[in-house]
Amino acid sequence: MDSTQPIVTISGTAIAMDGDDIDTDRIIPARHLKSLTFDALGKFVFEGDRENAKAAGQVHPFDAPEHSGASVLVAGENFGCGSSREHAPQALYRWGIRAIAAVTFGEIFRGNSATIGLPCVLLTPKAAAESRAAIAANPAAEVTVDLEAKRLRVDERSWPVEINESLRRRFVSGSWDSLSTLAEGTQAAADLSRRLPYLNGWQAA
(Lines give C-alpha, C1' and ligand atoms only; values in the text may rest on other atoms or scores of the structure.)
Protein backbone atom coordinates (compact mmCIF):
# COMPACT_ATOMS: atom_id res chain seq x y z
CA MET A 1 0.00 0.00 0.00
CA ASP A 2 1.40 3.39 -1.06
CA SER A 3 0.82 5.72 1.87
CA THR A 4 1.25 8.86 -0.30
CA GLN A 5 -1.20 7.87 -3.04
CA PRO A 6 -4.51 9.79 -3.17
CA ILE A 7 -7.55 7.53 -2.97
CA VAL A 8 -10.42 9.10 -4.91
CA THR A 9 -12.23 6.26 -6.67
CA ILE A 10 -12.10 2.53 -6.08
CA SER A 11 -13.48 0.40 -8.89
CA GLY A 12 -13.85 -3.28 -9.66
CA THR A 13 -16.24 -6.08 -8.93
CA ALA A 14 -17.82 -6.43 -5.50
CA ILE A 15 -18.86 -8.90 -2.85
CA ALA A 16 -22.30 -8.47 -1.29
CA MET A 17 -22.50 -9.83 2.25
CA ASP A 18 -25.86 -10.26 3.93
CA GLY A 19 -26.31 -10.13 7.68
CA ASP A 20 -25.61 -7.54 10.36
CA ASP A 21 -23.14 -7.39 13.26
CA ILE A 22 -20.32 -9.13 11.40
CA ASP A 23 -17.59 -8.80 13.99
CA THR A 24 -13.82 -8.81 13.80
CA ASP A 25 -13.64 -12.29 15.33
CA ARG A 26 -15.46 -13.61 12.29
CA ILE A 27 -13.43 -11.52 9.85
CA ILE A 28 -10.15 -12.95 11.15
CA PRO A 29 -10.17 -15.73 13.79
CA ALA A 30 -8.19 -15.14 16.98
CA ARG A 31 -5.79 -18.00 16.23
CA HIS A 32 -4.20 -15.88 13.51
CA LEU A 33 -3.46 -12.88 15.74
CA LYS A 34 -0.09 -14.34 16.72
CA SER A 35 1.28 -13.77 13.20
CA LEU A 36 4.39 -11.62 13.30
CA THR A 37 3.32 -9.69 10.18
CA PHE A 38 0.02 -9.07 8.41
CA ASP A 39 1.32 -10.31 5.06
CA ALA A 40 -0.34 -13.75 4.99
CA LEU A 41 -3.62 -12.82 6.66
CA GLY A 42 -5.60 -12.47 3.42
CA LYS A 43 -6.07 -16.20 2.94
CA PHE A 44 -7.60 -16.52 6.42
CA VAL A 45 -10.40 -13.93 5.97
CA PHE A 46 -13.69 -15.37 7.29
CA GLU A 47 -11.93 -18.70 7.73
CA GLY A 48 -14.45 -20.09 10.21
CA ASP A 49 -17.47 -18.95 8.20
CA ARG A 50 -15.99 -20.36 5.02
CA GLU A 51 -15.33 -23.73 6.67
CA ASN A 52 -18.87 -23.82 8.07
CA ALA A 53 -20.35 -22.98 4.68
CA LYS A 54 -18.33 -25.71 3.00
CA ALA A 55 -19.40 -28.26 5.61
CA ALA A 56 -23.02 -27.33 4.91
CA GLY A 57 -22.55 -27.77 1.17
CA GLN A 58 -22.66 -24.02 0.54
CA VAL A 59 -20.21 -21.54 -0.94
CA HIS A 60 -19.15 -18.54 1.12
CA PRO A 61 -19.00 -15.27 -0.85
CA PHE A 62 -15.23 -15.09 -0.35
CA ASP A 63 -14.88 -18.54 -1.94
CA ALA A 64 -17.25 -17.95 -4.87
CA PRO A 65 -15.34 -17.98 -8.18
CA GLU A 66 -17.37 -15.04 -9.48
CA HIS A 67 -16.04 -12.89 -6.65
CA SER A 68 -12.39 -13.72 -7.19
CA GLY A 69 -10.48 -10.46 -7.46
CA ALA A 70 -13.29 -8.32 -6.03
CA SER A 71 -12.14 -4.98 -4.64
CA VAL A 72 -15.32 -3.63 -2.99
CA LEU A 73 -17.29 -5.15 -0.13
CA VAL A 74 -20.91 -4.12 0.52
CA ALA A 75 -22.34 -5.14 3.88
CA GLY A 76 -25.14 -4.41 6.36
CA GLU A 77 -25.22 -2.80 9.79
CA ASN A 78 -22.46 -2.67 12.38
CA PHE A 79 -19.79 -4.24 10.18
CA GLY A 80 -16.47 -4.72 12.00
CA CYS A 81 -17.92 -4.58 15.49
CA GLY A 82 -16.45 -6.55 18.39
CA SER A 83 -12.83 -6.60 19.51
CA SER A 84 -10.47 -3.89 18.33
CA ARG A 85 -8.06 -6.11 16.41
CA GLU A 86 -6.32 -4.24 13.60
CA HIS A 87 -5.80 -7.60 11.91
CA ALA A 88 -9.39 -7.48 10.58
CA PRO A 89 -8.98 -4.62 8.08
CA GLN A 90 -5.44 -5.81 7.35
CA ALA A 91 -6.76 -9.25 6.39
CA LEU A 92 -9.49 -7.81 4.16
CA TYR A 93 -6.98 -5.50 2.48
CA ARG A 94 -4.56 -8.33 1.82
CA TRP A 95 -7.35 -10.46 0.38
CA GLY A 96 -7.92 -7.64 -2.12
CA ILE A 97 -10.67 -5.44 -0.68
CA ARG A 98 -9.98 -1.73 -1.26
CA ALA A 99 -13.24 -0.14 -0.06
CA ILE A 100 -16.16 -1.16 2.14
CA ALA A 101 -19.70 0.22 2.06
CA ALA A 102 -22.08 -0.60 4.90
CA VAL A 103 -24.94 0.88 6.89
CA THR A 104 -22.74 1.37 9.96
CA PHE A 105 -19.29 0.29 11.14
CA GLY A 106 -17.57 -0.54 14.38
CA GLU A 107 -15.83 2.74 15.16
CA ILE A 108 -12.42 1.23 15.92
CA PHE A 109 -12.61 -0.93 12.80
CA ARG A 110 -13.33 2.16 10.72
CA GLY A 111 -10.33 3.96 12.23
CA ASN A 112 -8.00 1.00 11.73
CA SER A 113 -9.19 0.75 8.12
CA ALA A 114 -8.52 4.42 7.44
CA THR A 115 -4.95 4.04 8.72
CA ILE A 116 -4.15 1.51 5.97
CA GLY A 117 -5.99 3.30 3.15
CA LEU A 118 -9.19 1.25 3.24
CA PRO A 119 -12.14 3.68 3.02
CA CYS A 120 -15.34 2.76 4.87
CA VAL A 121 -18.40 4.60 3.55
CA LEU A 122 -21.96 4.65 4.87
CA LEU A 123 -25.13 3.70 3.02
CA THR A 124 -28.74 4.01 4.09
CA PRO A 125 -30.35 0.63 4.88
CA LYS A 126 -32.39 0.90 1.67
CA ALA A 127 -29.32 1.73 -0.45
CA ALA A 128 -27.33 -1.11 1.16
CA ALA A 129 -30.09 -3.62 0.39
CA GLU A 130 -30.57 -2.37 -3.17
CA SER A 131 -26.86 -2.31 -4.00
CA ARG A 132 -26.30 -5.78 -2.55
CA ALA A 133 -29.22 -7.09 -4.61
CA ALA A 134 -27.77 -5.50 -7.75
CA ILE A 135 -24.38 -7.11 -7.09
CA ALA A 136 -25.93 -10.50 -6.35
CA ALA A 137 -27.90 -10.30 -9.61
CA ASN A 138 -24.77 -9.46 -11.61
CA PRO A 139 -21.49 -10.39 -9.86
CA ALA A 140 -19.56 -9.08 -12.88
CA ALA A 141 -21.03 -5.58 -12.48
CA GLU A 142 -18.60 -2.68 -12.39
CA VAL A 143 -18.76 -1.22 -8.90
CA THR A 144 -17.23 2.12 -7.94
CA VAL A 145 -16.86 3.93 -4.65
CA ASP A 146 -16.35 7.59 -5.53
CA LEU A 147 -15.07 9.63 -2.60
CA GLU A 148 -15.14 12.86 -4.60
CA ALA A 149 -18.77 12.56 -5.66
CA LYS A 150 -19.70 10.57 -2.51
CA ARG A 151 -21.50 7.91 -4.52
CA LEU A 152 -21.57 4.13 -4.80
CA ARG A 153 -22.19 3.01 -8.37
CA VAL A 154 -23.17 -0.45 -9.57
CA ASP A 155 -23.23 -0.36 -13.37
CA GLU A 156 -25.78 2.36 -14.25
CA ARG A 157 -27.30 2.66 -10.77
CA SER A 158 -25.89 4.78 -7.96
CA TRP A 159 -26.54 5.68 -4.36
CA PRO A 160 -25.19 8.45 -2.10
CA VAL A 161 -22.65 7.51 0.54
CA GLU A 162 -21.46 9.34 3.63
CA ILE A 163 -17.98 9.50 5.08
CA ASN A 164 -16.41 11.61 7.79
CA GLU A 165 -15.30 14.76 5.96
CA SER A 166 -11.89 14.87 7.61
CA LEU A 167 -11.24 11.27 6.56
CA ARG A 168 -12.53 11.96 3.05
CA ARG A 169 -10.13 14.88 2.61
CA ARG A 170 -7.24 12.77 3.88
CA PHE A 171 -8.01 10.04 1.36
CA VAL A 172 -8.39 12.29 -1.68
CA SER A 173 -5.30 14.33 -0.77
CA GLY A 174 -3.13 11.27 -0.12
CA SER A 175 -2.53 12.19 3.54
CA TRP A 176 -4.51 9.29 5.05
CA ASP A 177 -1.50 7.58 6.65
CA SER A 178 -1.01 9.39 9.96
CA LEU A 179 2.24 7.52 10.67
CA SER A 180 3.77 8.74 7.42
CA THR A 181 2.58 12.26 8.20
CA LEU A 182 4.32 12.08 11.57
CA ALA A 183 7.48 10.66 9.98
CA GLU A 184 7.57 13.52 7.48
CA GLY A 185 7.79 15.92 10.41
CA THR A 186 10.73 14.20 12.08
CA GLN A 187 13.32 16.67 10.83
CA ALA A 188 11.17 19.68 11.65
CA ALA A 189 10.65 18.36 15.18
CA ALA A 190 14.38 17.78 15.60
CA ASP A 191 15.17 21.31 14.36
CA LEU A 192 12.66 22.80 16.78
CA SER A 193 14.01 20.83 19.72
CA ARG A 194 17.48 22.21 19.08
CA ARG A 195 16.09 25.75 19.25
CA LEU A 196 14.31 25.26 22.57
CA PRO A 197 16.64 26.22 25.44
CA TYR A 198 14.86 24.13 28.07
CA LEU A 199 15.15 21.00 25.92
CA ASN A 200 18.81 21.71 25.23
CA GLY A 201 19.39 22.12 28.95
CA TRP A 202 17.56 18.87 29.70
CA GLN A 203 19.60 17.03 27.07
CA ALA A 204 22.85 18.44 28.47
CA ALA A 205 21.90 17.30 31.95
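Residues numbered from 1 in each chain as written. Predicted model: local features only at pLDDT ≥ 70, side-chain atom pairs only at ≥ 80, totals over all residues. Heavy atoms only, no water.

I would appreciate a short explanation of the side chain of Thr 24 in the present structure.
One can find Thr 24 in helix α1 (residues 24-27). In this structure Thr 24 comes out as buried when scored by relative accessible area, which is 1%. With residues near it in sequence (within four places) discarded, Thr 24 still touches Gly 80, Cys 81, Gly 82, Ser 83, Arg 85, Ala 88 and Phe 109. (Helix = DSSP H or I, 4+ residues; strand = E, 2+ residues; numbered from the N terminus. Buried < 20%, exposed > 50% of the residue type's maximum accessible area, 1.4 Å probe, protein only. Contact = heavy atoms within 4.5 Å.)

Just checking my understanding: could you explain the sheet that holds strand β4 (residues 99-102) for this structure?
Here we have four strands laid out as an open sheet, ordered β2-β3-β4-β5, and parallel in their pairing. Strands at the two margins of the open sheet, each flanked by one partner only, are β2 (14-16) and β5 (120-122). Averaged over neighbouring strand pairs, the angle between their axes works out to 20 degrees when direction is ignored. Sheet analysis places strand β3 (residues 72-74) next to β4, joined by three bridges and oriented parallel. Residue pairing in the sheet places Leu 73 in a bridge with Ile 100 of β4. (Pairing = 2+ DSSP bridges. Axes fitted to C-alpha atoms, helices over the stretch in contact; angles between N-to-C directions.)

Whenever I open this one, the pairing of strand β8 (residues 157-160) confuses me. Can you help?
In summary, the side chains of a regular strand alternate between the two faces of the sheet. Where strand β7 (residues 151-154) lies against β8, four bridges are found, and the strand directions are antiparallel. The residue bridging Arg 153 from the neighbouring strand is Ser 158, located in β8. Counted along the chain from β7 to the antiparallel partner β8, the turn is two residues long, and its residue Asp 155 has a positive phi close to 55 degrees.

I'm lost on the nonpolar core in this one. Help?
One recurring pattern in soluble globular proteins is that nonpolar side chains are buried together. Counting 29 residues, the largest nonpolar core has Leu 123, Val 145, Leu 147, Leu 152 and Phe 171 as its most contacted members. Within the residue set of this core, elements represented by two or more residues are β2, β3, β4, α5 (125-137), β6 (143-146), β7 and α6 (165-173). Apart from the residues lying within four places of it in its own chain, the contact partners of Val 145 are Val 8, Thr 9, Ile 10, Val 72, Ala 99, Val 121, Arg 151 and Leu 152. Counting 26 residues, the second-largest nonpolar core is a separate cluster that includes Leu 92, Ala 102, Leu 118 and Cys 120. (Core = buried A, V, L, I, M, F, W, Y, C linked by side-chain atoms within 4.5 Å.)

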